[in-house]
Amino acid sequence: MSTPLISRHFVRVLKKPAAVSLLALAMALQPGAAQARQTPAATAQTPPPSIADRYAAADTFLGSGIADLIDNANVAPSFVGGDKNAGLFYRTGNRSSQRFLFLDLATQQVREVATTASLIAALSQASGKAVTLDDAHLADVDYDPDKATLAFAALDAHWRIGADGKAEKVAPEAPQLDLPSPDGKTRIVARNYNLYAVDVASGREVALTTDGTREQPYGRSIPELSQILREGTEEPAMPVSGAWSPDGRYLLSWRLDTRDVKKLSITQQNPPGSFYPRSFNYVYPLAGAEKLPQATRFVVDVQAALKTGKAKVVPVQMPAESILYPSPPDMNWVDGKPRMQWTERGYRQQAVYVADPATGATKIVAHEAVKPVITVTSSMIFPAPELGGELSISERSGWAQLYLVTPDNPDGGPDGGRALTTGNWEVLSVDNVAQDKSSLIVTGVGREEARNPYWRALYRVSLKGGGLTELTPEPLDHDAQVSPDGKWIVDQMSSPTTPTRAVLRDGTTGKIVMELAKADNSRLLAAGYTPPEPFKGVAADGKTPIYGMIFRPAHFDPKRSYPVIDNVYTGPTTTDVPSTWGMALRVPGNSVAQIGAVVVMIDGTGTSRRGQAFRLPAYQNLGEVGLDDHITLIRQMAAKYPYMDVNRVGVFGGSAGGYDTARFVLRRPDFFKVGVSASGNHDLRLDKTWWPEVSMGEADAATWERNSNMAVANQLKGHLLLVHGDIDDNVPITESFRLAKALIDAGRDVDMVVVPNATHNVYQPFFWKKLRDYFTLYLLGETPPPLGPVKPAAPAVALAH
């Protein structure tokens, strides 16, 4: 149930000797809490900017607009070059004036490779006309010190600049559909749903399989909707899916089975260049579906097949695996043997199988089974042949910790291994294994109790005993990258309130070797920008600490009253509140606040990186998790800052945040009055299998229905805008159509915008205008600025029929 509004006079209560709640104590201890409530009386208010000016400010602080006002927000480091030319390639400045630099790691010398101006000049010379920065769309700049060449994308093409400084267009490589052997002497090709081995020298081919069909093809994955739309066919050309043994003898591949799997359909109403709509049916594994696509793995001795003219398909002796997303199952070769990871549907367990390629016989070399589900965004198993086994990040202790599982471990393999890390914190990744196998470098969160639990740090983990060594001791978030040899670390350290400092560290000790860049936001502040404020409070249970962030408009006036807009994403597979300076500037709250609102972001219970118990409230409860935590924290924010009007609260979000947005407005209609839901997965059973089932497991029909927004459509009181792309390749648009239908059937009102030719990412200028208009009308009670002047009609263009 919703937490009652806390009295703004609770500070007086704290003076009494009686025990106080953690909730009240947390609110009272917020810095400046008492002062913030002392609103000056009879102070003249400055007239607010016009709504047109506020919309213009919203554009200024959105996307590239805000990026253009910042220097060195992200140096985009990459380790490049061979042993003789090993170095670090990075950038400084901002989009309009960048320097691309190469640091020689052996000499510590830095030299300039290119600048934004030099790239634009080279493009202009090559194209024979003046190219502007906005025309160019520079991206993916990379440097090869061995060849002294610079590669980048611009003008919808790929380019290369050599030592002569001249840019030349690079012809795009044709997609490779066949699968060449490691020595290049044999190719595997797919035809009519079967696989063939082709001897490159002679052109002779041998059929490896013969009974493939459209519903049971060999070596062919499920086409993604984006591929279908790009090629305009339900059967797009697909690369052969498989893995060669290192010696080029065996092929490890798989067979797909989509029989009896229900398909989705999509209609693109406005195909570019065509007058008529086009429709497609496609396979998209859905959560809760009775039947999912299945994968069975097999091995073929290709060399023997080429010699004898006949192939033998050897089934790998492991269970068939449900395909949870349109991608191939895990399979590769480790130490000359097939290695395959298998996930049980419902995420009850995972296992790693190693097979004999000649017989298909298998054994399990690593295994994890966590109740109620294995959350694969916090757990993973990956090969570590250099250490003689598998590394497993597992929540078996309730926290994501690292284990080394080897054949000689005491538990004999499954669920065993040696704990390399312990404690109530989480390992996020393994970044390097020392060449002498003495240690690992890992990234973790939450180990240092005095810090924000979401701030990352790097640790060296000894494999010979002796515990951990922190390599990034500064109390900040560390966005770090380790060189392949482990000798160097590029660390971009920051917090939401501390500008990024990029440094090069010694990979062994963590000692800072040199400064690379410091971020500068002076131009942003000069534009009137109000920096965001992190906020710590207590969840609806009255005891669990949770974190949020507050975004205020430029030229903020604390004497005014502002509506509150919650930018929501409760998804348990991740966190939402920015933990770095760069992230805090990139989130859309900076823009949305400019219309004249206070925007908040909150990570309530049910989200990730705080241990299994913190996330478990989300289990089979995606429709309710975090909802009251958001309300509770907003009330705590408003208790500290009375200019936040809790009687005017809106909410917006995309994808799972779109689901949350509708859910918040439907389930707590007396608190959340206005919502803008983008690309929402409103019924989890119409979403890709992996995302819902990793939190829902194999739920029964009643549980799926309880978590459906359609089931609570009759509770709508306020205003809800649904926005969806008509060719969404992630969350089918049918989700928003079905919610709209449920609202209409319930006698409720609904607004809906379908964005033509938009995929899951609908965040284009038109979307932001509709969002601003909706909150301006229904939350601010103002009239949006008028549209611009009518433009002359464009000449008619003939369309293909």
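Being a predicted model, the structure only gives us computed values, none of them experimental.

(A) Layout of the packing of aromatic side chains. Scanning all chains against the criterion turns up 22 aromatic pairs. Centroid distance F652 to F775: 6.4 Å. Interplanar angle 65 degrees. Geometry classified as edge-to-face. In this pair, F652 sits in strand β40 (residues 644-654) while F775 sits in helix α19 (residues 765-780), placing the two residues 123 residues apart along the sequence. Between the aromatic rings of F767 and W768, the centroid separation amounts to 4.9 Å while the plane-to-plane angle is 75 degrees, which identifies the pairing as edge-to-face. Judged by relative accessible area, which is 3%, F767 ranks as buried. Among the residues examined, W768 registers a relative accessible area of 9% and is labelled buried. A cation sits over an aromatic face here: R772 above Y55, 5.8 Å from the ring centre.

(B) Examining the nonpolar core more closely. Counting residues in hydrophobic clusters, the biggest one holds 42 residues, and the most contacted among them are V600, I634, M637, M644, F672, L739 and L743. Elements with a minimum of two residues in this core: β37 (545-551), β38 (562-567), β39 (598-603), α14 (627-640), β40, α15 (656-667), β42 (719-725) and α18 (734-745). Per-element accounting of this core gives the leading share, 6 residues, to α14. When neighbours within four sequence positions are excluded, L743 is seen to be in contact with L666, A713, L716, L720, R748, D749 and V750.

(C) Representation of the sheet that holds strand β9 (residues 179-180) in the model. Spatial ordering of the open sheet is given by β9-β10-β11-β12, a layout of 4 strands whose pairing is antiparallel. On the outer flanks of this sheet lie β9 and β12 (205-207), each paired with one strand and no other. Summarising the sheet, β9 and strand β10 (residues 186-191) pair through 2 bridges and their orientation is antiparallel. Bridge pairing in β10 places L179 opposite I188.

(D) View of the sheet that holds strand β26 (residues 401-405). One open sheet accounts for 4 strands, arranged β24-β25-β26-β27; its pairing is antiparallel. The open sheet terminates on both sides in strands that have one partner only, identified here as β24 (380-384) and β27 (418-419). Pairing of β24 with strand β25 (residues 389-394), which is carried by 5 bridges, proceeds in the antiparallel orientation. Following the sheet pairing, A384 is matched in β25 by G389.

(E) A look at the side chain of K688. Position of K688 relative to the elements: it lies in the loop between β41 (672-678) and α16 (690-696). A distance of 2.4 Å separates polar atoms of two side chains, one belonging to K688 and the other to N730. Look past the residues within four positions of K688 in its chain and what remains in contact with it is Y284, P285, A287, L324, Y325, N730 and V731.

(F) Region of the structure containing the pairing of β37. Most of β37 is tucked away, with 6 of its 7 residues classed as buried. What sits between the antiparallel neighbours strand β36 (residues 533-538) and β37 is a turn of 6 residues, in which G542 has the positive phi angle 80 degrees. In this structure, β37 lies alongside β39, joined through 5 bridges in antiparallel fashion. Its bridge partner lying in β39, I550 is registered against V600.

(G) Broad picture of α14. With 14 residues, α14 should cover 20 Å at 1.5 Å per step; its first-to-last C-alpha distance of 21 Å lies within 8% of that length. Within α14, 14 of the 14 residues are buried, which leaves the element mostly enclosed by the surrounding structure.

(H) View of α19. Turning to α19, its buried residues are F767, W768, L771, R772, D773, Y774, F775, T776, L779 and L780. Remark: G781 follows α19 within two positions and exhibits a positive phi of approximately 70 degrees.

Cut-offs applied
Residues numbered from 1 in each chain as written. Predicted model: local features only at pLDDT ≥ 70, side-chain atom pairs only at ≥ 80, totals over all residues. Heavy atoms only, no water. Phe/Tyr/Trp six-rings, centres within 6.5 Å; stacked < 30°, edge-to-face > 60°. Helix = DSSP H or I, 4+ residues; strand = E, 2+ residues; numbered from the N terminus. Buried < 20%, exposed > 50% of the residue type's maximum accessible area, 1.4 Å probe, protein only. Lys NZ or Arg CZ within 6 Å of the ring centre and 35° of its normal. Core = buried A, V, L, I, M, F, W, Y, C linked by side-chain atoms within 4.5 Å. Contact = heavy atoms within 4.5 Å. Pairing = 2+ DSSP bridges. Polar contact = N/O pair within 3.5 Å; in protein donor to acceptor, adjacent residues only side chain to side chain. Expected span 1.5 Å × (residues − 1).

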